[in-house]
Amino acid sequence: MEETNVEISTPKDHDFDETTSDNEEHDHDHSTTSDNEEHDWAIHDHDHHLQEEEEEDNASFSSFQSYYACYSLSKIDKSHLEHGDQIIMPESSIHKLLSLQIDFPMLFQISNDSKGRASHCGVYEFTAEEGTVLLPSWMMKNLHLEEGEVISLKSVKLEKGTYVKLQPHSVDFLGILNPKAALEECLSSKFFCLTVGDTILINYNNKDLFIDILQAKPSSAVCILDTDCEVDFAPPLDYKQPPKELKPSNFIPFSGVARRLDGNPVPEKRPANSIFGPSKTQDNISEKPAKTEIPQKKEFQPFTGKKYTLSG
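Asks: Could you give an account of empty space enclosed by the protein, with specific residues and numbers?
Replies: Under the counting rule described, the total for this entry stands at 1 cavity of 30 Å³ or more. The volume enclosed by the largest cavity comes to roughly 30 Å³. When contributions to the lining of the largest cavity are tallied by element, the ones reaching two or more residues are β4 (117-128) and β8 (193-195). For the lining of the largest cavity, the element with the most residues is β8, which contributes 3 residues. Of the residues in the lining of the largest cavity, the class split is 5 nonpolar, 3 polar and 2 charged.

Asks: I'd love a proper account of the environment of Gln 65, names of residues and values included.
Replies: Looking at the element boundaries, Gln 65 is found in strand β1 (residues 65-72). Since its relative accessible area comes to 38%, Gln 65 is described here as partly exposed. Spatially, the C-alpha atoms of Gln 65 and Lys 154 are 4.3 Å apart, while their sequence positions differ by 89 residues.

Asks: Can you explain the sheet that holds strand β9 (residues 199-204)? Please cite residues and give values.
Replies: Read across the open sheet, the 4 strands follow the order β9-β10-β7-β12; overall the sheet is mixed. Of all the strands in the sheet, just β9 and β12 (230-233) have a single pairing partner and so form its edges. Neighbour to neighbour, the strand axes of the sheet diverge by 35 degrees on average, direction disregarded. Bridging between β9 and strand β10 (residues 207-217) involves 6 bridges; their strand directions are antiparallel. When the bridges of β10 are listed, Leu 201 appears paired with Phe 210. Those strands touched by helix α4 (residues 179-190) are β7 (163-168), β9, β10 and β12, and its axis lies near 105 degrees from that of β9.

What counts, and where the lines are drawn
- Residues numbered from 1 in each chain as written.
- Predicted model: local features only at pLDDT ≥ 70, side-chain atom pairs only at ≥ 80, totals over all residues.
- Heavy atoms only, no water.
- 1 Å grid on protein atoms, 1.4 Å probe; cavity = no way out; pocket = protein on both sides within 12 Å on 5 of 7 lines; lining within 4 Å.
- Points joined across faces, edges and corners; volume = space filled by probe spheres on them.
- Helix = DSSP H or I, 4+ residues; strand = E, 2+ residues; numbered from the N terminus.
- Nonpolar A, V, L, I, M, F, W, Y, C, P; charged D, E, K, R; others polar.
- Buried < 20%, exposed > 50% of the residue type's maximum accessible area, 1.4 Å probe, protein only.
- Pairing = 2+ DSSP bridges.
- Axes fitted to C-alpha atoms, helices over the stretch in contact; angles between N-to-C directions.
- Contact = heavy atoms within 4.5 Å.

As structure tokens, then:
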């Protein structure tokens, strides 16, 4: 019986290693690709998130600015707004303000660029004609504005006021029983902010009173809504200091003692007689004149005379 030799071919070690290495390399490449894709998606999500945050931040810091023709409130039946700092804007402006996420209360810097004048105000309502705003007369006067002139409106954030110094124009303000309480009542309901250099108009007991804003802290323009603000007053512009009363003096002229230059007393000298006779001295003046006796008339007594005859 012949012996058959069968050769069983087995893969060589290096072939096995190469195959294994190829598989591992493929798996590693697939894993690396997945990791890279995940990393790319993570970067994309992060960038998108940052972009959204940046857009939100930009929106929160965006400010409203527009130009309008201005007219006084006297053109409409809103006379009560003349004694405050609130204006009337067009309806289109409220949509833009809300889209920019402007916080309440909405405060604005109002400027007359041609004259270099600026002030600050709040808004009362949005009912003005498109392209126009309505202002109090005193505000137009402060800004040197005429009817129909163009102004710039820009939204601003003002710090809370802690101190203001005011100067009334008239002494009529001193006639108010409690000026600080009266002023608080007028300002709290009619004004949103105060600007140094402005002359505002308030009404108390049906009397118009003009007041200058001299100082404000912590800045030259402050918000006075919901704040504890210290108020100081300067004397009214037409106030006059009353004249001082002169006190009576006990001074008697020429009553001092004569002195020589060497310090020795001056010897007394009797005054010389004048051509009109001796001058009167102090002693002579002080002497009382002697009383002269007036002879008393005898009392008449009838039938007490001597007897006479016709023949003598």
